[in-house]
Each structure stands twice: as structure tokens, then as C-alpha cells.
Amino acid sequence: MKRKILAALLAAMMAISTCVVSGYADDEGTTVEKDSESIVVLFTNDTHCNIDPSITVDSEGYADEAQFGFAGVASYKKFMQGLYDNVMLVDVGDEIQGGAVGALSKGEDIIRIMNAVPYDLATLGNHEFDYGIPRLLELAEMANFNYVSSNFIKLAEETTDTEPSTDTEPNTDTEPKTDTDETILSGDVNADDDVNMEDVVEIQKHIAKLITLEGKALEAANVYVDEDVNMLDVTTMQKFIAELIDELPVVPAEETTDTASEEDTASEEDTASEEDTASEEDTASEEDTASEKDTASEEDTASEEDTASEEDTASEEDTASEEDTASEKDTASEEEVTGDKNVFDAYEIREFGDKKVAFIGITTPEAFTKSSPAYFKDEAQEKFIYSFCQGNDGQDLYDNVQTSIDAAKAEGADYVVALAHLGDDEQSKPWTSAEVVANTTGLDAVLDGHSHHEYTTDLEDKDGEKVVLAQTGTALENIGELIISADGEFKVNLVSAVDYTEDSDGTIINIVDPEVDSVVAGVNERLEETLNRVVAKCDYPLTIEDLETDDRIVRNRETNLGDLCADAYRDLTGADIAFVNGGGIRETIDAGDITFKDIINVHPFGNMACMIEVTGQQIIDALELGAMTCPSENGGFLQVSGISYTIDTTVTSGVKLSDEKEFLGVEGDRRVKDVKVGGEDIDLTKTYTLASHNYMLKDGGDGFTMFKGSNILLDEIKIDNEVLIEFIQKIVDEDLNMPDTYKDPYGQGRITIIYPEGE
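Definitions and limits used
Residues numbered from 1 in each chain as written. Predicted model: local features only at pLDDT ≥ 70, side-chain atom pairs only at ≥ 80, totals over all residues. Heavy atoms only, no water. Helix = DSSP H or I, 4+ residues; strand = E, 2+ residues; numbered from the N terminus. Buried < 20%, exposed > 50% of the residue type's maximum accessible area, 1.4 Å probe, protein only. Contact = heavy atoms within 4.5 Å. Areas by Shrake-Rupley, 256 points an atom, 1.4 Å probe, with all protein chains shown as cover. Pairing = 2+ DSSP bridges. Axes fitted to C-alpha atoms, helices over the stretch in contact; angles between N-to-C directions. Phe/Tyr/Trp six-rings, centres within 6.5 Å; stacked < 30°, edge-to-face > 60°. Lys NZ or Arg CZ within 6 Å of the ring centre and 35° of its normal. Bend = angle between axes of the 7 residues up to and from the residue. Polar contact = N/O pair within 3.5 Å; in protein donor to acceptor, adjacent residues only side chain to side chain. pLDDT = per-residue confidence, 0-100.

Caption draft 1: Fine view of the overall build of the protein chain. Within the protein chain, the regular secondary structure consists of 22 helices and 33 strands. Sorting the 759 residues of the protein chain into buried and exposed places 57% on the buried side. Contacts in the protein chain between residues at least 24 apart in sequence constitute 75% of all its contacts with a sequence separation of at least 6. Counting only carbon and sulfur atoms, one obtains 42% of the accessible surface of the protein chain, whose full area is about 32,000 Å².

Take a look at the structure:
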């Protein structure tokens, strides 16, 4: 196993501390003038709490592998700022979870460090949700940078069609809505010869209400009103409302007669009085319903000075400044939501000289099952109250992204860059970054994450136009570097920590920014006593990787650490069988001392041990789901204890999933065979006890919904890392040495895999 030299070695290295202002001196001492026209977007993804720089050296002492750490990222950002005037740093998700530092502070220490770097913008990965949505919102408030996500949606609260109306009989499920409270006509808007911004705001609210009710695209941006608002603006907007009304499925005859022509709607005589307009209760407030297109600039929204009253118009806080109304950032609180609503901004536009770059956030819909599904449901855990635009075989996501692209361009964006936590894994289809590119138009670049792969490539969008795609891998082994030249050419590079930390003669140089290094050191010092406590010793690695190739294998085959983790759950509970999802086993434990930090890094999510009663049928369904993409990676691949099974990868998976990637059933032949419990063939009708954690057994994590409703025998009795620590301490000898039971890195033969011939 390659030796890692961590912070102790790096503390002795030379740190970049010079602030370059007017230029950069190259190796020959020549001053290179800064580039004032190009735009540089540095990006990271899937950092997973790897806050410290690290270096692996070969037998000759040269850097072989390295990680920047956040102090290295800050150093490289300063270096690039010495070469370019226009530099920003973004993150593409999964930064606050995956290690001890994140787990012990519930993400806060990571945000503090990212603020120090500093980061300028980020999107949400699936693991941003691991501490729950309320905690995510708290962390977003702590961040000095914004989060963007076009497809993370708070769904509208449902209203029944049987509610009585003062004007009509209650509607039935089979009758169209005809309630006058939900049929908004152009004549409801009052505008007289003294037209002012109050009239415009009222009209905008009516447009937004129509769009909310009928699920229309955000077309209200077609109506433009400037500070010199006049009657022509009002009548234009009224005509727009009338056109929308024409598309309603049913409008009563007596109401359609009120839909006026331009001449009919221009005067006070033909428009309804203010008393006839929909009340505040019947119409959504501007904060709740005005789309980004409706409120995109100060010119489109009323200042406090222009609005007539607090009751009829948005408050100064919501509408007075461009900062508050420039985007969907002004989303309503959960209590105020009356229509589907972005929780964060869909995108953010940054200006660099005379160029505008829009950054659209895209979050994988796998967040439903790659975080905890329970977080996205109502209190009764009966229905989802959040959406990631996951439906229709990917089309809902593609449409959502396209809407954001179009909106950003309408707002003046010259270039559009996606911060897309989507990845390229088989299990992520139909939501991979490549699929989004192929089904949309207008993206110039996609900075990707989620699958922990390293790649830079060019793809073609729906119109055959070039789109740059890149991902940096994980753990800050690389920093991505997107450069947009003055002529609009897009180029992307991956800068490896090895290259940045090693001079041509092998000397280790320039790795840390001293200010950020100090912040990181403060975090480590505060946690040092807890994290460095030795719980065991082991003269072999407990691995999630193939020791020959360094490829991660815990998500597609058996490993010794997988066996150990599953055994820990079964030993604690006394269950017949134990499962641990491969995605929940995060880090290899190197040979040597095993510390509390090592254990938390293996199990950082804080899941709780449970035991339930299940049938043999549920067991084989779970195994089939876990084996669905094998030999490709799958976070739901099951490491097991008390059971053995074979996966035949020559059989096409028959697993059927919902739009949220939850298990529905199996059609056709099964890949999983020869399942034995305690050495005996599994009985599909027999009841077994199964141990795992709440994420899988109660919350349906990784799609394991076949366990929902099972009889719970032990409910959340111990946190996952404590389960592992206690088991290790139970099996070590008096000198804390691990037994040889788990010495084979590829496990004890619990999982057999049949590969296609020749593989």
C-alpha cells in the first residue's frame, strides 16, 4: 500500500503567500502581463471533507499521488489571479459530508473552510442533504457563497377540488375547475388614466397566478415595463393575460365576455374596480409566484416608494433592490408556498467586463435515494413534497434545464455553464451529464460531479453544437480549470495536485495558502484528541479498493472491509443476516493504527443500527436490486454477513424502478442465484431477521423500498461508527491487534460474480 504523508510533511513546505497584482514572473524572471479578457472558472467536486493536503511518494521520494486540500485550492486560486483578472472558484457538490470533520460538525467546519478559501458559488450534491433539509438551509445561510439548483423544487401544497365556493357548487373530481377565485380575467385588473406601478404589480401578480394554476411556461417576461410605465404597458400585459385565458380548458360563458380587446381594456370604464380584483388570499403574493423572468431586474419590480400599500404589493425587503429580486433567490418559506418553487436560485449570472456568464445548478435526482428519502417526504412519510424533476425517463429534468438556459439567455447571458452534480455512472441514467447535454441546447460547458471520475471531453448538444464536459474525480486530487477566451473559445484542463506540488527535479513546492492552512489547522486541533484515539492495530489494510489497480470495488464486489462492517451489524443485533450498502463504506483503513478518525471516515453518515423481520422473498429482491448494475458501480451494492450469493452478470437485470429510483419489482430472469443463509438454501416464505441501518431498512435509501412496513425489532440502537468500533474492539487481542480473519482484501467468498466470457 502506498504511504501517505499528511499534514506533518506539508507543514514544512513552502507556502504561496505573495499577492500578485500587475503580473507574474515566469521561471526566467520575465514579467507576464495579466490576461484581462479571458474568464477562468476553477472548479472542484466531491471533495467529501478531504480538508488536508496529502502526498504519496514513490520509492525514490517523488510525488506519486497528492491531494490539494483546501489550503492548496486557495493557493492555486491566488496563483491564477496573478495571471488573470477574471477568476472565480465554484464547487459542484458533495463537499460537506464524507469524513469525520463534516460528520462531527454537521457540515459547519467545511463551510467555514470554504468561506476562507474563498469559494464564489456552489451547487447541491446528493450528500448536501445528509443532515436534513433544515440543516442544509442553515449551512447555506452560513456560506459566504450562494448555492444554485434549477431542479430542486418544493412542491405545491395540494388543494382539494371539493372545497365549497361562495359562488358555485363544490367541484367533483371529474368536473373542470370553474371557481371564479381561480379564473382570473383581464378585466379584473384595474388601470386608469393615472396608471402607476401599483397597477403593474397587480397585473404581474395575476399573470403569475395564471401561470401557477395552468402549469404554463414562465412566459410573463414577454411583458416589459420600465420606470416610465404608461397605459400601453398595461394594455400589453392585459392582452397577454387574455391570451393565457384563451388556453384555459373551461371558462364560463358569462366570464369570457369580460375578456376585453386592447381598446376595451384600456379605460377604467371597462375594467373591474379594485374591489372586484382577486383578494390577497386568492392571488399569490409577488414573492410566492413571480417567476425569475417576472422579477429579473429593478426595472420590473416596484420599489417601496412606487407601491401603494404593503397589503397589495411586495414589501421593500422583497422588491426594493435588485439583489432581492434578480432571481428565484427570493423564494418563499415553506409556510408561504402556494405553487411549485425553487428552494435555491436556478442560476446566477456573473459579469466579467462586458461578458455575462450564467451558472445553472443541476442536482442529481438520485438524491432521493443517495441521501435519505425520508428527508423529502411529508411528516407522515406518505408522499414526496420535494422534487428533482425526475419524471418521464429524464425528460422532466431536460425540460427544467432548458427552461433555465432560455431564461438566463433572455436575461442577457453570453455564455451558459452548468454546475451539474450528475456523473456518468450506469446507475445514474437517465440523468447523466451526457444525457442532459444531448437533450438540451444552449449550454457551453458542463462542470460535472457525483461519479468520482476524471474526464475532459467535448459532446454535442441537441442541435449538434459543441459542449465542453469535465469532472475532477474526488478528494481534491485535481482542480478543474475552465478558460473562456476573449473570442468565446472554451477549453478545460485538470490540474493535478502532483503536478502543482512537484517541481521538475522532484522538489515538493507551493502547496498551501498560509491563511487557509491556519483555519484548517484550527479545525484539526480542536478535533485532534477525539479523532486520533487509537482503537485497534492492523498489519494489513482494510480496503474498499483493488490493491493492484487502486480502483474502488466496494460497490461492485466483496472486500474485507465490507465483510467487517456487515459482521459488526450482525454481531451487535444477533440477526440472521446483515447488509451494508457499498456506498456507505467510504474509506480504506491503511495498515497500522486504526483511529477514531479512520472509523468515522469509513462510516461518516451517522446512520443508526436497526433490525427487522423480513421474508426470504424480500431478501432476494434486495440482493437483486444491489446487483442491478454489476459489474458497474452501484452505491446500493450489498456487502453481507450470514448469507452468500452469486451474481450472474450475463443475465440482463430485470429490476424495475420508479422515477425516484425506488424498487418496484423484478421482471424476467434474476441475476442473483444460489442464495444461502447460514449455509442453507434460502426459503422465500420463511421469516428471517435482518440487521442494517435506518437509511436502508426504514428510509428506503438506495431504493430499498421492499423493507418498508416490516416489523422493527430493534430501532436505531447505535450509530454506525460506534457499531464498527465496538466490534473491532471485541475481536482484537489484548494488544489491540486485529485477527487474520479479514486479511484477504477480497473477502471471505461470500459473493461470487460470474462475468461474461473474456472479462
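Caption draft 2: Structural context of the pairing of strand 24 (residues 609-615). Among the 7 residues of strand 24, 5 are classified as buried, and the element is accordingly described as predominantly covered. Pairing between strand 24 and strand 31 (residues 687-693): 7 bridges, direction antiparallel. Looking across to strand 31, one finds that Ile612 is bridged to Leu690.

Caption draft 3: Seen up close, the sheet that holds strand 26 (residues 643-648). Taken in spatial order, the 4 strands make up an open sheet running 30-29-26-33, and their pairing is mixed. With one partner strand each, in any of the chains shown, strand 30 (680-681) and strand 33 (751-754) form the two edges of the open sheet. Running at roughly 130 degrees to strand 29 (residues 672-677), helix 20 (residues 616-626) makes contact with strand 26 and strand 29 of the sheet.

Caption draft 4: Just the sheet that holds strand 10 (residues 153-154), in detail. Judged by pairing direction, the sheet is antiparallel, and its 3 strands sit side by side in the order 11-10-14 without closing on themselves. Across the chains shown, the open sheet's two edge strands, defined by having one partner strand only, are strand 11 (341-342) and strand 14 (386-387). As paired elements, strand 10 and strand 11 share 2 bridges and run antiparallel to each other. Considered in strand 11, the bridge of Lys154 is made with Lys341.

Caption draft 5: Focus on the packing of aromatic side chains. Applying the stated rule across the entire model yields 18 aromatic pairs. With a centroid separation of 6.2 Å and 75 degrees between ring planes, the pair formed by Phe70 and Tyr119 is classed as edge-to-face. Of this pair, Phe70 sits in helix 2 (residues 69-81) while Tyr119 sits in the loop between helix 4 (108-116) and strand 8 (121-123), and the two are 49 residues apart along the sequence. Since its relative accessible area comes to 0%, Phe70 is described here as buried. Aromatic side chains Phe152 and Phe388 sit 5.1 Å apart centroid to centroid with 15 degrees between the ring planes, which places their arrangement in the stacked category. Linking Phe152 in the loop between strand 9 (146-148) and strand 10 with Phe388 in the loop between strand 14 and helix 14 (395-410), this pair joins segments that are 236 residues apart in sequence. According to the relative accessible area criterion, Phe152 is buried, its value standing at 0%. Three or more aromatic residues joined by ring pairs form one cluster here, namely Phe129, Phe152, Phe368, Phe376, Phe384, Tyr386 and Phe388. Cation over ring: Lys154 sits above Tyr386, and NZ or CZ is 5.7 Å from the ring centre. Here the basic side chain of Arg533 rests over the ring of Phe596, its NZ or CZ set 5.5 Å away from the ring centre.

Caption draft 6: Structural view of helix 17 (residues 514-531). Glu525 marks the point of greatest bend in helix 17, at about 35 degrees. Taken as a whole, helix 17 has its buried residues at Val516, Val520, Val523, Asn524, Leu527 and Leu531. The opening residue of helix 17 is Asp513, an N-cap whose side-chain oxygen sits 3.3 Å from the backbone nitrogen of Glu515.

Caption draft 7: The arrangement of the pairing of strand 12 (residues 347-352) in detail. Here 6 bridges tie strand 12 to strand 13 (residues 355-363), and the two strands are oriented antiparallel to one another. Considered in strand 13, the bridge of Tyr347 is made with Ile360. The antiparallel hairpin formed by strand 12 and strand 13 contains 2 residues in its connecting segment, where Gly353 sits at a positive phi of about 65 degrees.

Caption draft 8: Spatial organisation of the confidence of the model for the protein chain. Scored by pLDDT, the protein chain has a mean of 79; 70% of the residues are at 70 or more. Considering only residues more than four positions removed or in separate chains, one finds that residues 1-25, a stretch of pLDDT under 50, has 56 contacts. Low confidence marks residues 212-227, where pLDDT is under 50. Its contacts with residues over four positions away, or in another chain, come to 36 contacts.

Caption draft 9: Representation of the environment of Ile544 in the model. Position of Ile544 among the secondary structure elements: in the loop between strand 21 (534-538) and helix 18 (560-573). Ile544 has contacts with Asp551, Arg552, Ile553, Val554, Thr559, Leu561, Ile585, Arg586, Glu587 and Thr588, leaving out every residue within four places of it along the chain.

Caption draft 10: Looking closely at unusual backbone geometry. Between Val117 and the following residue, Pro118, the backbone shows a cis peptide bond with an omega angle of -10 degrees. Inspection of the secondary structure puts Pro118 in the loop between helix 4 and strand 8. The peptide bond linking Cys630 to Pro631 adopts the cis configuration, its omega dihedral lying at 15 degrees. Mapped onto the elements, Pro631 comes out in the loop between helix 20 and strand 25 (638-641). Even without being glycine, Lys106 reaches a positive phi, approximately 50 degrees. If you check the backbone angles, His452 has positive phi at about 65 degrees while not being a glycine. Its place among the elements puts His452 in the loop between strand 16 (445-448) and strand 17 (454-460).

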